[in-house]
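Summary of structural features
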Amino acid sequence: MKQKRIPEVMDSPDISPESHHRALAGLAHINSWSNSAGIVWSHIEPLLTSGRTLRVLDVATGGGDVPIALWKLGRHAGGKLEISGCDKSPVAIEHAKVNAEKHGAAIRWFTWNLFTDPVPQGYDVIVSSLFMHHLDSDQAVEFLKQLAAGAASRLIVNDLRRSAGGWLLALSAACVLRSHVVFIDGPRSVRSAYTIPEVAELAARAGLKNTKIEPRFPFRFVMTWSRT
Ligand SMILES: C[S@@+](CC[C@H](N)C(=O)[O-])C[C@H]1O[C@@H](n2cnc3c(N)ncnc32)[C@H](O)[C@@H]1O
């Protein structure tokens, strides 16, 4: 399947707050079905062994359900985790805040736009879930370069793998969720997504060495990078 980049409705400045909240709720269901937090957690849990606090930032956090799930998993594992989440959308940040309060999750939230704000500093791990496919290849390279230039010593990128099967799955999932935005954006996201060889090429262009890129069920990949 050829890559075709079509802007997503969720990124439009014209989306109404009601549609945006409904789309974020739909996305939370998709994240839950596809074990998005579990994919990320499998790379965070092994880092909790030293006993010191691990500072984690989830960029483009959307409704915040992935960092909230990480917070819960961290608490259950007895690990010391300090979690933050950021997104360009104040509606998404508000959604995430309300969501976190509901779960009693102590997470710091802030607005941040990749294209206008400096990459936040002072984290051990930066997580990016379902964000890379929003970026064209030059933007994705710049994103990886900036993240790796000093913002954190580890990156975990969890995203869609472009494929016909993934497209059909996105369409089926979108049909059962009551969100017009997810119905349109789901299949669009898969068309915009990168294949594993393409992600490897983006990482190489960004100068990232020692990246590991692995497929994950269903039609996802996880890329990890560590400075050392
Ligand atoms: C598909 S959602 C993924 C949300 C969340 N990470 C998840 O896994 O459910 C993509 C998110 O990227 C955010 N986003 C898009 N462009 C951005 C940018 N330039 N800077 C920061 N966030 C951005 C959107 O607001 C949206 O919340």
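Everything below is about the structure shown above.
How each quantity is defined
Residues numbered from 1 in each chain as written. Predicted model: local features only at pLDDT ≥ 70, side-chain atom pairs only at ≥ 80, totals over all residues. Heavy atoms only, no water. Near = heavy atom within 4 Å. Polar contact = N/O pair within 3.5 Å; in protein donor to acceptor, adjacent residues only side chain to side chain. Areas by Shrake-Rupley, 256 points an atom, 1.4 Å probe, with all protein chains shown as cover. Nonpolar A, V, L, I, M, F, W, Y, C, P; charged D, E, K, R; others polar. Phe/Tyr/Trp six-rings, centres within 6.5 Å; stacked < 30°, edge-to-face > 60°. Helix = DSSP H or I, 4+ residues; strand = E, 2+ residues; numbered from the N terminus. Buried < 20%, exposed > 50% of the residue type's maximum accessible area, 1.4 Å probe, protein only. Core = buried A, V, L, I, M, F, W, Y, C linked by side-chain atoms within 4.5 Å. Contact = heavy atoms within 4.5 Å. Pairing = 2+ DSSP bridges.

Close to the ligand lie 17 residues; N31, A60, D87, N113 and S129 are nearest. Between the ligand and N31 there is a distance of 2.8 Å, counted from an oxygen atom to a side-chain nitrogen or oxygen. Between a nitrogen atom of the ligand and a side-chain N or O atom of N113, the distance comes to 2.9 Å. Surface burial for the ligand is 97%, taken as the share of its 600 Å² of free accessible area covered by protein chains. Among the residues forming the shell around the ligand, the class breakdown is seven nonpolar, seven polar and three charged.

Right, let's get into the packing of aromatic side chains. Tallied over the entire structure, the rule returns one aromatic pair. Here F131 and F143 contribute two aromatic rings whose centre-to-centre distance is 5.3 Å and whose plane-to-plane angle is 90 degrees, an arrangement assigned as edge-to-face. Here F143 lies in helix α5 (residues 137-151) and F131 lies in the loop between β4 (125-129) and α5, a separation of twelve residues in the sequence. In this structure, F131 and F143 share a single accessibility class: buried.

All right, on to the nonpolar core then. One finds I126, M132, F143, L144, L208 and M223 to be the most contacted residues of the largest nonpolar core, which totals 32 residues. Elements supplying a minimum of two residues to this core: β1 (54-59), α5, β5 (154-160), α8 (196-205) and β7 (220-226). Residue contributions to this core peak at seven residues, all from α5. With residues up to four places along the chain from it excluded, the contact list for M132 reads A140, L144, V157, D159, Y194, L202 and F221. Counting 25 residues, the second largest nonpolar core, distinct from the first, contains I39, L47, L81 and W109.

For β5, the tally of buried residues reaches six of seven residues, placing the bulk of the element in the interior. Strand direction decides the pairing type here: β4 and β5, joined by five bridges, are parallel. Pairing of S128 across the sheet is with V157, part of β5. As defined by bridge partners, β5 adjoins β7 across seven bridges and the pair is classed as antiparallel. Bridge assignment links N158 to a residue of β7, and that residue is V222.

Moving on, we come to unusual backbone geometry. Here F217 and P218 are connected by a cis peptide whose omega angle stands at -10 degrees. Within the secondary structure layout, P218 lies in the loop between β6 (212-216) and β7. The residue N210 is not glycine, and still its phi comes out positive at about 60 degrees. Looking at the secondary structure, you find N210 in the loop between α8 and β6.

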